[in-house]
Amino acid sequence: MYNCKNKILTTDEMYKERVRFREGCKTIAFTNGCFDILHSGHVTYLQFARAQGDVLILGMNSDASVQRNKGDNRPINCEQDRAVVIAALECVDYVVLFDEDEPADLIEKLLPDVLVKGEDWAHYVSGREAVEAAGGKVVLAKMVEGRSTTSTIDNVLKVYGKME
């Protein structure tokens, strides 16, 4: 029976897979994010990211990383749940959790051919320098208007009120 949890790897396990993909001349795409409450904007973005390569690796912020970046009330879903939901998507080949505030170290280790970020991050793409220095490229994805985790949370609070 298929188990999407097999797509969730440690950094070292992912590096070994990366070596195998390089030997097979596969184009490796990488993206990252929190993916706290999955919505259609995420799915559209991840399908775009997957289309940039033969393999899509998703670096996912750990719970501690999300909390430092988004505040004490986040994440809504724990890292294990978020990783399983993302790994279940056909367009995502692998998920790797990282605990740092940004994925620069993970990107430097994996050195993808294509680094994909949403165009809302055009001002700063973590790992850009390492990827471009290795001959790779950065691709910015268009955002799906009106779709964000924050707006989803705001809508839930508007409908159900702030629960204390």
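Relevant structure appears above.
Note that this is a predicted model, so its numbers are computed, not measured.

What counts as what
Residues numbered from 1 in each chain as written. Predicted model: local features only at pLDDT ≥ 70, side-chain atom pairs only at ≥ 80, totals over all residues. Heavy atoms only, no water. Helix = DSSP H or I, 4+ residues; strand = E, 2+ residues; numbered from the N terminus. Patch = residues over 30% accessible without salt bridge, like charges linked within 9 Å, V, L, I, M, F, W, Y side chains within 5 Å. Areas by Shrake-Rupley, 256 points an atom, 1.4 Å probe, with all protein chains shown as cover. Salt bridge = Lys/Arg side-chain N within 4 Å of Asp/Glu carboxyl O. Lys, Arg positive; Asp, Glu negative; His and termini not counted. Charge placed at Lys NZ, Arg CZ, Asp CG, Glu CD. Pairing = 2+ DSSP bridges. Contact = heavy atoms within 4.5 Å. Axes fitted to C-alpha atoms, helices over the stretch in contact; angles between N-to-C directions. Buried < 20%, exposed > 50% of the residue type's maximum accessible area, 1.4 Å probe, protein only. Right-handed = clockwise from strand over helix to strand, strands pointing away.

**Quick look at the environment of Asp-105**
- Among the structural elements, Asp-105 can be located in helix α5 (residues 104-110).
- Sequence-wise, Asp-105 and Ser-126 are 21 residues apart; in three dimensions their C-alpha atoms are separated by 9.2 Å.

**Structural notes on a negative patch on the surface**
- Together, Asp-99, Glu-100, Glu-102, Asp-105, Glu-108 and Glu-129 make up a negatively charged patch on the protein surface.
- Positionally, Asp-99 belongs in the loop between β4 (94-98) and α5.

**Overview of the sheet that holds strand β5 (residues 114-118)**
- Ordered by their spatial adjacency, six strands build an open sheet running β1-β4-β3-β2-β5-β6, and the pairing between neighbours is parallel. With one partner strand each, in any of the chains shown, β1 (8-9) and β6 (137-141) form the two edges of the open sheet.
- Bridge analysis of β1 against β4 gives two bridges, and the strand direction is parallel. Residue pairing across strands places Ile-8 opposite Val-95, the latter belonging to β4.
- The strands that helix α1 (residues 11-23) touches are β1, β2 (28-33), β3 (55-61) and β4; relative to β4, the one it contacts most, it runs at about 140°.
- Seen against the sheet, helix α4 (residues 79-87) touches β1, β3 and β4 and runs at an angle of roughly 165° to β3.

**What about the pattern of salt bridges?**
- Considering all chains together, one arrives at eight salt bridges under this definition.
- Between Arg-20 and Glu-17 there is a salt bridge, and its shortest N-O distance comes to 2.5 Å. Residue Arg-20 and its partner Glu-17 are located together in helix α1, separated by three residues, close to a single helical turn.
- Look at Arg-20 and you get partly exposed, because its relative accessible area is 45%.

**Quick word on the pairing of β5**
- Of all five residues in β5, five are buried; the element is thus mostly enclosed.
- Bridge count for β2 against β5 is two bridges, and the pairing is parallel. Counterpart to Ala-29 in the pairing with β5 is Val-114.
- Across five bridges, β5 lies against β6 in parallel orientation. Bridge pairing links Leu-115 to Val-138 in β6.
- Running through helix α6 (residues 128-133), the crossover from β5 to the neighbouring parallel element β6 is right-handed.

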